[in-house]
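Take a look at the letters that make up each chain.
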Amino acid sequence: MKKYIILTLLIVLGVLAGCGKKEEVAKEDVYVRNVINVGFSQLGAESDWRVANTESMKSSLSLDKDFNLLFDDAQQKQDKQIMAIRKFIQQEVDCIVLAPVTETGWDTVLKEAKDAKIPVIVTDRMVDVEDDSLYTAWVGSDFFKEGRIACEWLKRYAELEGIEPSELNIVDIQGTLGATSQIGRSNALSESAAENGWKLLESVPADYAQTKAKEVMQQLLRKHSDINVVYCENDNEAIGVIEAIEEAGKTAGSDINSGDILVISFDAAHSGLNMVLEGKIALDVECNPLQGEEVAWLIRDVTAGKDVEKYTYIEESVFSTYDKINGIVADKQAFDVTILTQEILDGRKY
Ligand code: AHR
């Protein structure tokens, strides 16, 4: 249901110049705008990526773009997201946007939204529901593909550096268990490890959070003296992991043959790319958080009754300073590797 709000703007204080006399001109400008009411349940604020994603959504769904955004941060808790969606239904919003913390557990509340005839757009991670008509569209990243790109790069790196597959001793610092981004990236690594004969020593979740990742890495370093690759499922984890590596008297870098631990990361947020420039993150696969504009267009179309694409994948890049690999092929698709410079980083939006 579309709602109409009347915004009355009183524009006062026109100063007439020229005659030396100040005159106040009052003008009443009344106009009617068709504003779309949107309830957005954001899963949390756990990472730099998430903060950039929230900013993108808020700026794309702003009043000056004819949206009235009701925003809720669920602090990584699914029950809070469910409560927020129920509240949006009571408030009779025109559309609900959901960035779900994990994939499962959404059937009941999304059915309630459907019964209330409120379209739902899912963004970032996916929902795993029995009936996919419970949501109208999804916008986000291909997380499995991101993981495959990282693994293909690692394979090429090992070949170029003369490292045998069985000499790669990898640990996986996973994201939030059950999140599509975790499932895709973890699966890509475990499949690639099995295909290539790499040793995947352990996979441990750290909820995409820097402090937790640091603690997890400290434990892993105590347990395994031979780790030479850490696959961090986001940049904040990579930053925590690098702190743990350095505090243990080791180095994060691209020269495994000389004892460096190679750190692979995802997101390509500013904080992560700074570490790429410092040579501490060897590869950063982008996960693009700037999804607001795409979501805004979907909402406009859906609320106007138009048909929309069910799935939209956001474009992403790959960054490194290791300049022996400029392109890779993952799952038959070719990807450029951007050799990162300060200038490139300065030109990025997040
Ligand atoms: O689902 C996307 C992931 O969630 C991003 O990689 C991570 O930084 C975020 O918290």
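Values in this document were obtained by computation on a predicted structure and should not be read as measured data.

A.B. asks: Honestly, empty space enclosed by the protein in this entry has me stumped. Any pointers?
C.D. replies: To find the voids left in a structure, one rolls a probe of water-molecule size over its atoms. All told, the structure shown has one cavity of 30 Å³ or more when counted by the stated rule. Space inside the largest cavity adds up to approximately 90 Å³. As for the largest cavity, its lining consists of 13 residues, of which W49, R50, R125, Y208 and D267 are closest to the centre. The two domains that each donate at least three residues to the lining of the largest cavity are domain 1 (36–140 + 289–313) and domain 2 (143–287 + 317–346).

A.B. asks: Looking at this structure, how should I read the site of the ligand?
C.D. replies: Around the ligand lies a shell formed by E46, S47, W49, R50, D124, R125, S181, R185, Y208, N234 and D267. Separating an oxygen atom of the ligand from a side-chain N or O atom of R50 is a distance of 3.1 Å. Its atoms largely coinciding with the cavity grid, the ligand occupies the largest cavity. Residue assignment for the shell around the ligand shows that the elements contributing at least two residues are α1 (48–60) and α5 (180–196). When grouped by side-chain class, the residues that make up the shell around the ligand number two nonpolar, three polar and six charged. Taken domain by domain, the makeup of the shell around the ligand includes at least three residues from each of domain 1 (36–140 + 289–313) and domain 2 (143–287 + 317–346).

A.B. asks: I would appreciate a short explanation of the sheet that holds strand β10 (residues 262–267) in the present structure.
C.D. replies: Sheets are built from strands that pair by backbone hydrogen bonding, the pairs being arranged parallel or antiparallel. Across the sheet, which stays open at both edges, the seven strands sit in the order β8-β7-β9-β10-β11-β13-β16 with mixed pairing between neighbours. A single partner strand is all that each edge strand has here, and the edge strands are β8 (199–205) and β16 (338–339). One ladder, built from two bridges, connects strand β13 (residues 318–320) with β16; its direction is parallel. Counterpart to F319 in the pairing with β16 is T338. Across the sheet, helix α7 (residues 235–247) is in contact with β7 (169–174), β9 (229–232), β10 and β11 (283–286); its angle to β10 comes to roughly 160°.

A.B. asks: What am I meant to see in the domain arrangement of the protein chain here?
C.D. replies: It is common to give the size of an interface as the accessible area that goes away when the parts come together. By the assigned domains, the protein chain splits into domain 1 (36–140 + 289–313) and domain 2 (143–287 + 317–346). For domain 1 and domain 2, the distance between their C-alpha centres works out to 30 Å. Facing twelve residues of domain 1, the contacting portion of domain 2 comprises 17 residues. Buried surface at the junction of domain 1 and domain 2, summed over both partners, amounts to about 1100 Å²; 51% is from carbon and sulfur atoms. Looking at the side of domain 1 facing domain 2, the largest losses of area belong to D48, W49 and R125, adding up to 43% of the total buried there. Along the contact surface separating domain 1 from domain 2 lie seven residue pairs in polar contact (both at pLDDT 80 or more). Among the residues forming the side of domain 1 that touches domain 2, the class breakdown is four nonpolar, three polar and five charged.

A.B. asks: What's the story with α7 in this structure? I'm lost.
C.D. replies: Between its first and last C-alpha, α7 extends 18 Å over 13 residues, near the 18 Å set by a 1.5 Å rise per residue. Turning to α7, its buried residues are D235, N236, E237, A238, I239, G240, V241, I242, A244 and I245. If you check the start of α7, you find a side-chain oxygen 3.3 Å away from the backbone N of N236, and it comes from N234.

A.B. asks: Got a minute to help me understand the packing of helix α2 (residues 78–90) against helix α3 (residues 107–115) in this structure?
C.D. replies: Helix-helix packing: each pair is described by the crossing angle between the helix axes and the interaxial distance. Where α2 contacts α3, the two axes come as close as 10 Å, and the packing angle between them is 10°. Of the possible angle classes, the one that applies to α2 and α3 is roughly parallel. Mapping the contact onto sequence places I82, I85, R86 and I89 in α2 and T108, V109, E112 and A113 in α3. Across the contact of α2 with α3, the residue classes break down as five nonpolar, one polar and two charged.

A.B. asks: When you look at the packing of helix α6 (residues 210–223) against α7 in this model, what are you seeing that I'm missing?
C.D. replies: Following both chains from N to C, one finds α6 and α7 inclined at 40°, their axes separated by 7 Å at the closest point. With respect to α7, the element α6 is oriented oblique. For the element pair α6 and α7, the recorded crossing hand is right-handed. The segment α6 lies against α7, with Q210, A213, K214, M217, Q218 and L221 engaging N236, E237, I239, G240, V241, E243, A244, I245 and E247. Across the contact of α6 with α7, the residue classes tally to seven nonpolar, four polar and four charged.

A.B. asks: Got a minute to help me understand the state of the cysteines in this structure?
C.D. replies: Summed over all chains, the structure comprises zero disulfides. The closest cysteine sulfur to the non-disulfide-bonded C287 is located on C232, 15 Å from its own sulfur.

Definitions and limits used
- Residues numbered from 1 in each chain as written.
- Predicted model: local features only at pLDDT ≥ 70, side-chain atom pairs only at ≥ 80, totals over all residues.
- Heavy atoms only, no water.
- 1 Å grid on protein atoms, 1.4 Å probe; cavity = no way out; pocket = protein on both sides within 12 Å on 5 of 7 lines; lining within 4 Å.
- Points joined across faces, edges and corners; volume = space filled by probe spheres on them.
- Domains from an automatic or database assignment.
- Near = heavy atom within 4 Å.
- Polar contact = N/O pair within 3.5 Å; in protein donor to acceptor, adjacent residues only side chain to side chain.
- Sits in = over half its atoms within 2 Å of the grid points.
- Helix = DSSP H or I, 4+ residues; strand = E, 2+ residues; numbered from the N terminus.
- Nonpolar A, V, L, I, M, F, W, Y, C, P; charged D, E, K, R; others polar.
- Pairing = 2+ DSSP bridges.
- Contact = heavy atoms within 4.5 Å.
- Axes fitted to C-alpha atoms, helices over the stretch in contact; angles between N-to-C directions.
- Buried area = accessible area lost by both parts, 1.4 Å probe.
- Expected span 1.5 Å × (residues − 1).
- Buried < 20%, exposed > 50% of the residue type's maximum accessible area, 1.4 Å probe, protein only.
- Parallel < 35°, antiparallel > 145°, perpendicular 65-115°, else oblique.
- Left-handed = near helix turned anticlockwise from the far one by under 90°.
- Disulfide = S-S within 2.5 Å.

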